[in-house]
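What follows is each chain in one-letter form.
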Amino acid sequence: MAEPLLDISEFRMYFHTEKGVVKAVDGVDLTVHEGEVVGLVGESGCGKSVTSLSVMGLVPQPPGKVEGGSIRLTGKDLTHLRQREWQRIRGNDISMIFQEPMTSLNPVFTIGDQIVEALQKHQKISKKEAKKRAGEALKEVGISRKGILGEYPHQLSGGMRQRVMIAMAMVCRPKLLIADEPTTALDVTIQAQILDLMRRLNEETGTAILMITHDLGVVAEMCDRVVVMYAGEVVEKADVKTLFQDPRHPYTQGLLKSIPQLDKRFDRLYSIPGNVPDPRKMPEGCRFSPRCEFAKDICMTQKPDLLDLGKSHFSRCWLHDEKKGDADRDPITVTT
Amino acid sequence: MLIPVLIGMSVITFFIVHAIPGSPAKALLGERASPEALHQLEEKMGLNDPLYIQYFNYIKNLLQGDLGTSIQTGQPVSEEIIPYLAATFELALFAMVIAVFFGVNLGIFSAWRQNSSVDYLSMVIALIGVSMPVFWLGLMEQWIFAQELAWFPSSGRLDSRLFFEPVTHFYFLDALIQGDFVVLQDALKHMVLPAVALGTIPMAIIARMTRSSMLEVLRSDYIRTARAKGVGELLIIYKHALKNALIPIVTVFGLQMGLLLGGAILTETIFSWPGVGRYLYDAIHARDYAVVQSGILVVATIFVLINLIVDLLYAWIDPRIQYGKE
Ligand SMILES: Nc1ncnc2c1ncn2[C@@H]1O[C@H](COP(=O)(O)OP(=O)(O)OP(=O)(O)O)[C@@H](O)[C@H]1O
Ligand code: SF4
Ligand SMILES: [Mg+2]
């Protein structure tokens, strides 16, 4: 296989706070190939945003500190770049859009100015040309109303603002777009439109997308491959079909069981028992063990590795280990 | 808005001034003037008319642009006040520039390096600045920089030995127009101490406001968006963050400029600055009604104008504010 566009390997980002060390990201392996849409899922606080902000170099350091591993963009390690170099990459090679469209645009500058700024930062073009390109970028995301370039963010709805954010992120044709829960704050119908738009842009421009979400429905609709995170670690990754049909990690199975299903609407909705561990006091051994119905002695003391199950399917669980784990008790596959 | 405020101001100043005990005729003629002479003069000045008649006469003249005549010099106040007004303006302008420039930058720097030793140091300076009375600072400056070190002159606007024919009465402007750099330099030397004394408190207050406002703005989502676009740190701070942070700073600025006018009067007294403060001070002693009334009215008008400018600034900074389009 060709060299991946983005290659995060054994990456660790800790926060050194007054109350202790928060191991927000503690060993994340993840790749995104050119043109691919990869989903990053997990419960709130598992480190999805910190992972994606690390790729942009936007984690405040301090309190954050890179404690190991690497993030490579087409082979080049980003973890120790200087500000100047970061500024050349951000918005140009990698762009990012965020969860809160209402507050993500600067209220005192016009839409046009904000897109033009992104363009002129990275390309030597005239203001006039940049304005024209900004208008085209907005058309691309489905905003063609006249005078939009001169409007201010408060004149637009949330869905429109997210479109503007996407136009701004895409205007320099980045190789990778990171979308951190881009639809969470939007109405359901608008959500679907935004997802459609992103998928279309991915197909038309070839920009790869790293899609962060806690919504498996979004993953099913959008992604080629999925990475599941739990408590700062990657616990399972596979292509979308495999993950939905043959989830191997007990956490992933729990996540899938908790998706509401139309044909079973009279059942009580399943939810994984227990709570996400306190990031300052991670459980020893497998971090999911306090909540896992299959937990064994070894799970409490030793940490399982991310095991290769073949066909690019990986899972971090003792159950898959023939020698140490008990293969017979490999949980039954849930089919959806 | 402007008109009712000014009418109100004119009523208040008129009656306050007339409530000051003592008669202007007496002040003019001296304690030992004969009662007949006093009476004659009071009659001539209209001081024996009922108050409301005096007030209407005053307003009538005012509307014709006549601010009255000084009873001390016999000159029209509208002409006489100009050099004093220019002197005060020049002083206030320098103080304001000092306050805004250093205040905003100190605040930005503190916010940018939050909790660093530089941050603590500048906030301690700001705290000292806020708690220092103008007159005390002025006197300390005079003592250290004028008397002990003799770096700057201790009083006046210009060395009296310099020959200088003011046109606009803004000395800096005049000196520049006439290309007189000796005067320019001397005027600058005279300006430093009073302007610093007057500008320190507003500077400190603006610095603190800027810091807290910037800290909040720098945490906001759109700053993260700007960083994600690749915008450099300097532009992030001075373009993206500052324009947003300015909104509360402008409020403070407006309030401080009002106080600055008050402070100007104290500063003028300490540094023998020939401004409106001194003009009014002398007029009050002489019971020079016309001067006191008109002088206060002029200052009040300026105050109102400053507030108007502040409102316009808001609209310019924040597109969400639109006047008349509620
Ligand atoms: N600046 C910071 N200082 C200290 N701790 C932080 C900081 N930023 C994030 N964290 C911690 O890192 C952990 C991971 O946070 P992160 O925002 O990545 O979660 P997430 O998976 O994106 O959750 P959500 O779905 O709620 O967005 C959390 O425990 C959070 O408290
Ligand atoms: S390692 Fe053990 S505790 Fe962890 S998920 Fe697997 S079975 Fe459960
Ligand atoms: Mg998040």
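The structure displayed is predicted, hence computed values, not measured ones.

**Q** Even after reading the chapter, I still don't get a positive patch on the surface, so can you show me in this structure?
**A** On the surface, Lys76(A), Arg84(A), Arg88(A) and Lys121(A) cluster together into a positively charged patch. Mapped onto the elements of the fold, Lys121(A) is located in helix α3 (residues 111-122).

**Q** So what exactly am I meant to see when it comes to the confidence of the model for chain B here?
**A** Predicted coordinates in areas of low pLDDT are best not read in detail. Residues and elements named next belong to chain B. In this model, chain B carries a mean pLDDT of 83, and residues with pLDDT of at least 70 account for 98%. At the level of individual helices and strands, chain B shows its lowest average pLDDT in helix α2 (residues 24-29), which scores 71, and its highest in helix α10 (residues 221-229), which scores 93. Among the scores for the predicted complex, ipTM is 0.86 and pTM is 0.80.

**Q** Sorry, what's going on with the site of ligand 1 here?
**A** All names here are of chain A. Within the structure, ligand 1 sits among 14 residues, and Ser44, Gly45, Lys48, Ser49 and Val50 are positioned closest to it. One of the backbone N or O atoms of glycine 45 is found 2.7 Å from an oxygen atom in ligand 1. Glycine 47 has a polar backbone atom sitting 3.1 Å from an oxygen atom of ligand 1. For ligand 1, the protein covers 68% of the area, taking 640 Å² as the surface of the free molecule. Among the elements of the structure, β1 (6-17) and α1 (48-56) are those that each provide at least two residues to the shell around ligand 1. Considering every element that reaches the shell around ligand 1, the biggest residue donor is α1, with 3 residues. Of the residues belonging to the shell around ligand 1, the class tally is 6 nonpolar, 5 polar and 3 charged.

**Q** Before we go on, may I ask you to explain the domain arrangement of chain A in this structure?
**A** By convention, interface size is frequently given as the accessible area that disappears when the constituent parts associate. All names here are of chain A. The domain architecture assigned to chain A consists of domain 1 (6-229) and domain 2 (231-320). Placing the centre of domain 1 and that of domain 2 at their C-alpha centroids yields a distance of 27 Å. Across the contact, 27 residues belong to domain 1 and 25 residues belong to domain 2. Summing both sides of the interface, domain 1 and domain 2 together bury roughly 2,100 Å²; the carbon and sulfur share of this comes to 59%. Sorting the residues of domain 1 by area buried against domain 2 places Glu43, Leu216 and Val228 first, and these three jointly supply 31% of that buried surface. At the boundary of domain 1 with domain 2, the tally comes to 2 salt bridges. The residue arginine 291 makes a salt bridge to glutamate 43 at a minimum N-O spacing of 3.1 Å. Seen at the junction of domain 1 and domain 2, the total is 10 residue pairs in polar contact (both at pLDDT 80 or more). Put simply, the parts of the chain that give the side of domain 1 that touches domain 2 at least two residues each are β2 (20-32), α7 (216-222) and β9 (225-230). Sorting elements by how many residues they give to the side of domain 1 that touches domain 2 places β2 first, with 11 residues.

**Q** Quick question: what am I supposed to make of the domain arrangement of chain B here?
**A** Residue and element names in this part refer to chain B. Domain annotation for chain B reports domain 1 (2-63) and domain 2 (85-317). Distance between the C-alpha centres of domain 1 and domain 2: 35 Å. Between domain 1 and domain 2, the residue contacts involve 18 residues of the former and 11 residues of the latter. Summing the contributions of domain 1 and of domain 2, the shared interface buries around 1,400 Å²; its carbon and sulfur component is 77%. Applying the counting rule to domain 1 against domain 2 returns 0 salt bridges. Our enumeration of links across domain 1 and domain 2 arrives at 0 residue pairs in polar contact (both at pLDDT 80 or more). With 9 residues, the single largest contributor to the side of domain 1 that touches domain 2 is helix α1 (residues 2-19). When its residues are assigned to classes, the side of domain 1 that touches domain 2 shows 13 nonpolar, 5 polar and no charged.

**Q** I tried to follow the UniProt feature "transmembrane region" (unreviewed entry) in chain B on my own but got confused; where do I start?
**A** Residue and element names in this part refer to chain B. Cross-referencing UniProt, the feature "transmembrane region" (unreviewed entry) maps to residues 81-108, 120-139, 191-210, 245-271 and 291-317 in the present numbering. The span residues 81-108 is 100% helix and 0% strand, and its two end C-alpha atoms sit 39 Å from each other. Secondary structure content for residues 245-271 is 96% helix and 0% strand, while the C-alpha to C-alpha distance between its ends is 35 Å.

**Q** Help me understand the UniProt feature "domain: ABC transmembrane type-1" (unreviewed entry) in chain B, please; the structure alone is not making it clear to me.
**A** Within this structure's numbering, the places UniProt gives as "domain: ABC transmembrane type-1" (unreviewed entry) are residues 85-314 of chain B. Secondary structure content for residues 85-314 of chain B is 81% helix and 0% strand, and the end C-alpha separation is 27 Å.

**Q** Please clarify how the sheet that holds strand β11 (residues 307-308) of chain A should be interpreted in this entry.
**A** Residues and elements named next belong to chain A. Strand order across the open sheet formed by 8 strands is β6-β7-β8-β3-β9-β10-β12-β11, with mixed pairing between neighbours. This sheet does not close on itself; its edge strands, each paired only once, are β6 (94-97) and β11. Sheet topology note: the β11/strand β12 (residues 314-315) ladder contains 2 bridges and is antiparallel. Bridge pairing links leucine 307 to serine 315 in β12.

**Q** How should the packing of aromatic side chains be read in this particular structure?
**A** Describing an aromatic ring pair means giving the distance of the ring centres and the angle of the ring planes. Residue and element names in this part refer to chain B. Tallied over the full model, the rule gives 11 aromatic pairs over all chains. Between the aromatic rings of phenylalanine 15 and tyrosine 55, the centroid separation amounts to 6.1 Å while the plane-to-plane angle is 25°, which identifies the pairing as stacked. Taken together, the residues phenylalanine 15 in helix α1 and tyrosine 55 in helix α4 (residues 51-63) connect sequence positions 40 residues apart. By relative accessible area, which is 36% here, phenylalanine 15 ends up partly exposed. Over the ring of tryptophan 112 we find arginine 113; its NZ or CZ atom is 4.1 Å from the centre of that ring. Seen from the ring of tryptophan 316, lysine 243 lies directly overhead, with NZ or CZ sitting 5.4 Å from the centre.

Calculation rules
Residues numbered from 1 in each chain as written. Chains lettered and ligands numbered in written order. Predicted model: local features only at pLDDT ≥ 70, side-chain atom pairs only at ≥ 80, totals over all residues. Heavy atoms only, no water. Patch = residues over 30% accessible without salt bridge, like charges linked within 9 Å, V, L, I, M, F, W, Y side chains within 5 Å. Areas by Shrake-Rupley, 256 points an atom, 1.4 Å probe, with all protein chains shown as cover. Salt bridge = Lys/Arg side-chain N within 4 Å of Asp/Glu carboxyl O. Lys, Arg positive; Asp, Glu negative; His and termini not counted. Charge placed at Lys NZ, Arg CZ, Asp CG, Glu CD. Helix = DSSP H or I, 4+ residues; strand = E, 2+ residues; numbered from the N terminus. pLDDT = per-residue confidence, 0-100. Near = heavy atom within 4 Å. Polar contact = N/O pair within 3.5 Å; in protein donor to acceptor, adjacent residues only side chain to side chain. Nonpolar A, V, L, I, M, F, W, Y, C, P; charged D, E, K, R; others polar. Domains from an automatic or database assignment. Contact = heavy atoms within 4.5 Å. Buried area = accessible area lost by both parts, 1.4 Å probe. UniProt positions renumbered as here; feature names shortened; annotations may be inferred. Pairing = 2+ DSSP bridges. Phe/Tyr/Trp six-rings, centres within 6.5 Å; stacked < 30°, edge-to-face > 60°. Buried < 20%, exposed > 50% of the residue type's maximum accessible area, 1.4 Å probe, protein only. Lys NZ or Arg CZ within 6 Å of the ring centre and 35° of its normal.

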